[in-house]
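# Observations on the model geometry
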Amino acid sequence: MTDVYREIQDPATAPERLAEIVATHPELAPWVLQHPNCYDALREWIAAYATPPAGPATGAGDVFSTTASSDPFARAVEPALSSHPATPFGPAPGTQPTRPRGPFFRRRGILIGGSIGIAAIMLVGIGGAWWAISGLTRGASSPEGAVARLLSGVENVDPVTVATSLAPSEFGGFVETLQRLASAVPGEDGGADMAQLLADVRASAELSSTAMAYETEQLADGVVRVSWTDGEMRLSGDERELARSLTALYEPLLRAQQAAIYGYSDAEIDEAIDAMVDGWSSNVDLDQSWDARDAADWYGAGPISLVAVDEGNGWYISPLLSFYDLQWRQSEEQGYVDSRDLGDAIIEAEVFETPEVAAEELTAALESGRIERVAATLPLAERRVLSLYGDVFNLEYVVNEYSPSIETADFSAATNGDRARLSIEELLVDFTEWSNGYELHDRYDISEVCAEWSDEYLDSSYSSWWDEYTYWTDQRTGSACLDDPAWTDRLGAGDVDLIAVREGGGWLVSPIATIADAASIAVDSFIPYYESGALDELFR
């Protein structure tokens, strides 16, 4: 369906072509509905014959039926034979809409696993297709439905479906930035054409899954672990073609970096890229299959699982909780944590009157070493992680070992609606440790994006005459700024701030929003270099 995916993401696709697409690919109905050329009669046909089904999803049933719902990946109710049109072109008595046999029928795609290249293609592609995502505001009707939606997107290398499966509280802040990045890709000037990259990945590898089954476990209200317990996944493809497809995404940046920093010629860079492709393709095997037991053995901590969250308008996959759930289960397997210490409730937020107070309270909470106090000063997405998996962070150990003392915490804020930019006027932190009876201090004085530090350490000399050591303290000092390197300065590192958000009637500092804002600054600074073909100047 490579061409079909490109057509539904092209605002110029004709209305009659949209009708043909939805007739042959009813699973694409939600995205056809968002197309600017989708006409009323086609909307009515989709509503009647290609609408996602209602009711709880199990992740193992059909995708579309004649029953309305908001979840295209829930279990379908088997429709009766209909006397109404089964296509948008005219009547076909005694027939029913063409439907795929469930969310796990064979699809063109690739198992992304730990591949940074595919993840980057998917993420940038999400931005490029954002016009198709913006109207899809509901999550899946069940945790299993959220997993099915994500797997469908991965199998199809379909960034729209992947985006609609991820928790908006965690991923939503990055989408507009990805949209701008995808829109800036020129294609004809040697840059990556995202639609073509996605097509190339689909053509170079295939992932299929059959008879998938899941078990669920509620971790907290609105938080469910979904574990893969049965079924098989099969991967096949051309390793070298896939390596080429992945390399194409960042090849322009790689070429500019190698030429500007190391002075390599085009021929030398070609040779290096070929070697990289050879190395990647020789270390990857695309001819393999796994059942649930194989995957659990590889996972090392029981069945492979994802964590789904209910964000009020449906269920989504939480990348943060899924990652820390893996960390927790592996730590439990190794005896570092006890299952009885896993949180079972989301800590209530303690919102603050101003962004400045929110930042001050967050620093004080970190100083205390009490993970529940830190959690209470954070927005929902971050708070869920600390509420459930706080022991993984060993904050109490860090505080006991290094005795941090925050001597000054002064912030200023510029508020714009429900967001505020927080600048660090001064944050003075002292860490204390003991060595051979000596009290040693490490001090960090942070202002905006710069830091000065002094590091006390214990030095010694040995006297063979007295057969003893003499000890004394010494000190190292230094300073650095995020925008010290020329390339980080050109990417706007000097403009990075902390971000606070309104939640629950007050203010909270958001690490996720801070990272998303920094990414937005970097992308906006990067695009002019990319569009003008001057990436080499970025690294000079």
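Here the structure is shown first, and the text comes after it.
The paragraphs below set out a description of the structure included in this document. (Residues numbered from 1 in each chain as written. Predicted model: local features only at pLDDT ≥ 70, side-chain atom pairs only at ≥ 80, totals over all residues. Heavy atoms only, no water.)

### Some words on the overall build of the protein chain
For clarity, the cut-off: A run of DSSP states H or I qualifies as a helix once it reaches four residues; a run of E qualifies as a strand once it reaches two. Both are numbered from the N-terminal end. Burial classification: accessible surface area is computed with a 1.4 Å probe over protein chains only, and a residue below 20% of its type maximum counts as buried, one above 50% as exposed, and the rest as partly exposed. Here a residue-residue contact requires only that any non-hydrogen atoms of the pair lie within 4.5 Å. Areas reported here follow the Shrake-Rupley algorithm with a probe of radius 1.4 Å; residue values treat only the protein chains shown as occluding.
From N to C terminus, the protein chain includes 21 helices and 13 strands. Counting all 540 residues of the protein chain, 45% fall into the buried class. Restricting the contact set of the protein chain to residue pairs at least 6 apart, pairs at least 24 apart contribute 64%. Here the protein chain has roughly 25600 Å² of accessible surface; of this, 50% comes from carbon and sulfur atoms.

### Section: the packing of aromatic side chains
What counts, and what does not: Paired rings are identified among Phe, Tyr and Trp, the last through its six-membered ring, by centres lying within 6.5 Å, and are further divided according to the angle between planes into stacked (under 30 degrees), edge-to-face (over 60) and tilted (the rest).
All chains considered together, the criterion is met by five aromatic pairs. Taking 5.1 Å as the distance between ring centres and 40° as the angle between the ring planes, the aromatic pair formed by Tyr324 and Phe393 counts as tilted. With Tyr324 in helix H14 (residues 319–333) and Phe393 in the loop between helix H17 (380–389) and helix H18 (395–402), this pair connects stretches of sequence that are 69 residues apart. Given a relative accessible area of 32%, Phe393 falls into the partly exposed group. Between Trp328 and Tyr389 the ring centres are 6.3 Å apart and the planes differ by 55°, which places this aromatic pair in the tilted class. One end of the pair, Trp328, is in helix H14; the other, Tyr389, is in helix H17, with 61 residues separating them in the sequence. With a relative accessible area of 1%, Trp328 lands in the buried category. Among the aromatic residues, ring-to-ring pairing joins Phe323, Tyr324 and Phe393 into one connected group.

### With respect to the state of the cysteines
Linking two cysteines covalently via their sulfur atoms produces the bond known as a disulfide. What counts, and what does not: Put simply, a disulfide is two cysteine sulfurs that come within 2.5 Å.
Overall, the coordinates contain one disulfide when judged by the stated rule. There is a disulfide in this structure between Cys450 and Cys481, and the S-S distance comes to 1.9 Å. Here the disulfide of Cys450 and Cys481 is right-handed, its torsion about the S-S bond being about 110°. Taken together, the residues span a long stretch of sequence, with Cys450 in strand S10 (residues 450–463) and Cys481 in strand S11 (residues 468–481) at a distance of 31 residues. The partly exposed category is assigned to Cys450, whose relative accessible area is 28%.

### Considerations on the packing of H14 against H17
Put simply, the rule is: Only C-alpha atoms enter the line fits that serve as axes; for helices the fit covers just the stretch in contact. Angles between N-to-C directions range over 0 to 180 degrees. Each angle gets one of four labels, with under 35 degrees taken as roughly parallel, over 145 as roughly antiparallel, 65 to 115 as roughly perpendicular, and the rest as oblique. In this scheme the handedness of a crossing depends on how the near helix is turned from the far one: anticlockwise by less than a right angle means left-handed, clockwise means right-handed. All amino acids are sorted into three groups, where Ala, Val, Leu, Ile, Met, Phe, Trp, Tyr, Cys and Pro are nonpolar, Asp, Glu, Lys and Arg are charged, and the leftover types, Gly among them, are polar.
The geometry of H14 relative to H17 is characterised by a closest axis approach of 10 Å and an angle of 15° between their N-to-C directions. Here H17 runs roughly parallel to H14, going by the angle between their axes. H17 is crossed by H14, and the crossing has right-handed handedness. Together, Leu320, Leu321, Tyr324, Asp325 and Trp328 of H14 and Ala381, Arg384, Val385, Leu388 and Tyr389 of H17 make up the contact between the two elements. Here the residues of the contact of H14 with H17 sort into eight nonpolar, no polar and two charged.

### With respect to a nonpolar patch on the surface
Note the threshold: Think of a patch as exposed residues, more than 30% relative accessible area, with no salt bridge, where like charges cluster within 9 Å and nonpolar side chains (Val, Leu, Ile, Met, Phe, Trp, Tyr) cluster within 5 Å. The working definition used for a salt bridge is a side-chain nitrogen of Lys or Arg within 4 Å of a carboxyl oxygen of Asp or Glu.
A cluster of nonpolar side chains, namely Tyr438, Tyr462, Tyr469 and Tyr471, defines an oily patch on the protein surface of about 410 Å² accessible area. As for its placement among the helices and strands, Tyr469 is situated in strand S11.

### Section: a negative patch on the surface
Counted only if it meets this: Counted charges follow a simple rule, with Lys and Arg positive, Asp and Glu negative, and His plus the chain ends left uncounted. Each charge is placed at NZ for Lys, CZ for Arg, CG for Asp and CD for Glu.
A cluster of acidic residues, Asp230, Asp291, Asp294 and Asp297, forms a negative patch at the surface. Among the structural elements, Asp294 can be located in helix H13 (residues 292–299).

### Observations regarding the pattern of salt bridges
Taken as a whole, this structure holds 20 salt bridges when the rule is applied. The shortest N-O distance in the salt bridge between Arg225 and Glu217 comes to 3.0 Å. Here Glu251 ties to Arg255 by a salt bridge, and the two come within 3.0 Å at their closest N and O atoms. Taken together, the residues Glu251 and Arg255, both in helix H11 (residues 239–262) and four residues apart, mark about one turn of the helix. Judged by its relative accessible area of 22%, Glu251 is partly exposed.

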